[in-house]
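A structural walkthrough
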Amino acid sequence: MAGDPGREGRLMTFTAKAIGGFHIGGRMVELSGLPTYRARIAKAAPEFEIDPNGRFAIEQMYVQYTLLAEPSFPYPVLMWHGGGQTGATWEDTPDGRPGWQQRFLEAGFDVYCSDAVERGRASFARYPELFEGDPIFRSQQDAWGLFRFGPLDGFHTEHDKRTYFANGQWPAEVTDQYQKQVVARWAGHDAITQAAYDELVEKVGPCVIISHSQSGAFSTQAAVNNPDMVKAVVTLEPSGGADATETQMAALAAAGTRHLVIWGDNFDGHERWAIIRSAVEAYGQRVDKAGGHWLEWDLPAMGIPGNSHFPMMDRNSDLIARMVQQWIADTVH
C-alpha cells in the first residue's frame, strides 16, 4: 500500500488521473392534473406561470469518483453514508481534518463517494405525489441521543452547558457545525435505494464497500445480491444486516466475501442500539453458519475507548482508517 502506515495527522500526496461524477439508478415518471401557479424564481425576473406537471427523473443516486494514476490496491472503495447524511460524511471531519475519502486515496485506493437516493446531489422528488409522506428532519436533540456524543441527559441548546463523555473521541467543540450537514430523508425508500446501490456495484465491478449506519444494511444486501462483485464490506455501526435465503448465504460464503463490523463506545442505556446490535450480530451468526467470513471490532474492548457513532469523524479517525486499510490489505485478495 502507498504511504506510511504510521503517519499521524500528516497530509500525504496522491496523483489522480480522473475526478468526476455521475447519476445512476432511478426512473422517469409523469405528473398530471396539478394546478399551475405564479412565482418569481430569479432575483431580477418577473413572476411567471409555473406548471408542476410533466416528466421527471426520480429515485436516482449521485456518485463522485476519484481514480488514481497508480492505485496500489486492485479494487476501488465505495463509500456509503448513513441516514440523514450525504457523501460529506467521508469528505472531511466537522473540525476540518481530512476525511476518509482523502485518507484512502492517500493509501492507494480509488474511491467512489455517493449521495444516496433522495440525498444531496441525488436530489429528491415532489411529495406526496411521488415520494410518499413528508420528509423527516433529524433534530440536534435526536442526533445527540442516537449518535452518543454524550450522556442521554447531557444535551443543552447552549454548548457550554452540554456534558460530553469524559473518554469521548467526538470533537465536541464542533457539534453545532456537524449539524449543518444533516439533510432530510424519507421513510420507506429501502427498495429504491438498494436498487441504485446494486446498479452502482454492477457498474464499478469488483469492489470493497465501506458503509455507515443506515447504509450498513444496504452494503450487506449488496454483497448478498452481488457476491462475486463485493469482495468485502466494512461497515461502521450498521443499522442491520441483509435479508437473504440460505442459498444466498451459501453463495456469499462460496464467493469469499469478507465482512468487518466496527462498534464504538458508550452504548450503556441505549435501548435502540441494543436492538440494532442484536440484529447485526444475529446476521453475523448466519454468515458464520454458512461458512462465510465475519469479524466484529469492539473498539473499547480492543483498548480504543470513546468512539461515537462516527468513527470516521472522531478525533482518532486517522487511526481507525489505518486499521481498516491494513485489514483490507491483509484480507482482501
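Worth saying up front: this structure is predicted, and the values here are computed from it rather than measured. (Residues numbered from 1 in each chain as written. Predicted model: local features only at pLDDT ≥ 70, side-chain atom pairs only at ≥ 80, totals over all residues. Heavy atoms only, no water.)

**Thoughts on helix α3 (residues 140-147)**
Burial in α3 covers these residues: Gln140, Ala143, Trp144, Leu146 and Phe147. The secondary structure elements touched by the buried residues of α3 are α4 (175-179) and α8 (271-289). Immediately downstream of α3, the backbone of Arg148 shows phi near 60 degrees, a positive value. (Buried < 20%, exposed > 50% of the residue type's maximum accessible area, 1.4 Å probe, protein only. Helix = DSSP H or I, 4+ residues; strand = E, 2+ residues; numbered from the N terminus. Contact = heavy atoms within 4.5 Å.)

**Quick word on the packing of helix α7 (residues 246-255) against α8**
Between α7 and α8, whose axes approach to 9 Å, the crossing angle comes to 70 degrees. Compared by their axis directions, α7 and α8 come out roughly perpendicular. When the axes of α7 and α8 are compared, the crossing they make is right-handed. The residues of α8 that touch α7, namely those facing Glu246, Met249 and Leu252, are Tyr283, Arg286 and Val287. Counted by class, the contact of α7 with α8 contains four nonpolar, no polar and two charged residues. (Axes fitted to C-alpha atoms, helices over the stretch in contact; angles between N-to-C directions. Parallel < 35°, antiparallel > 145°, perpendicular 65-115°, else oblique. Left-handed = near helix turned anticlockwise from the far one by under 90°. Nonpolar A, V, L, I, M, F, W, Y, C, P; charged D, E, K, R; others polar.)

**Digging into the pattern of salt bridges**
If you walk through the whole model with that rule in mind, you get 16 salt bridges. The closest approach of N and O atoms between Arg126 and Glu129, which form a salt bridge, is 3.2 Å. Take Glu129: its relative accessible area is 37%, and that puts it in the partly exposed class. Across the pair Lys161 and Glu158 runs a salt bridge, and its minimum N-O distance is 3.6 Å. Among the ionic contacts, a cluster of salt bridges with common partners joins Arg103, Glu106 and Asp318. (Salt bridge = Lys/Arg side-chain N within 4 Å of Asp/Glu carboxyl O.)

**With respect to the pairing of strand β5 (residues 77-80)**
Along β5, one buried face is formed by Val77 and Met79 and the opposite face, lined by Leu78 and Trp80, is buried too. Of the pairings in the sheet, the one linking β5 to strand β6 (residues 111-115) comprises three bridges and is parallel in character. Its bridge partner lying in β6, Met79 is registered against Cys113. Here β5 runs beside strand β7 (residues 207-212); their pairing, made up of four bridges, is parallel. By the bridge assignment, Trp80 is partnered in β7 with Ser211. (Pairing = 2+ DSSP bridges.)

**Description of unusual backbone geometry**
In this structure, the amide linkage connecting Tyr127 to the following residue, Pro128, adopts the cis form with an omega of 5 degrees. Assignment of secondary structure puts Pro128 in the loop between β6 and α3.

**Details of the confidence of the model for the protein chain**
On average, residues of the protein chain score 95 in pLDDT, and 97% of them are at 70 or above. This stretch, residues 1-8, has a pLDDT under 50; its non-local contacts, to residues over four places away or in other chains, come to 20 contacts. (pLDDT = per-residue confidence, 0-100.)

**Thoughts on the sheet that holds strand β8 (residues 230-236)**
The sheet built from eight strands is open, its strands ordered β1-β4-β6-β5-β7-β8-β9-β10 with mixed pairing. Of all strands in the sheet, those with a lone pairing partner are β1 (16-31) and β10 (293-298), marking the two edges. Each adjacent strand pair in this sheet contributes to an overall mean axis angle of 15 degrees, direction not counted. Alignment of β7 against β8, held across six bridges, turns out to be parallel. The partner of Ser211 across the bridge, within β8, is Thr235.

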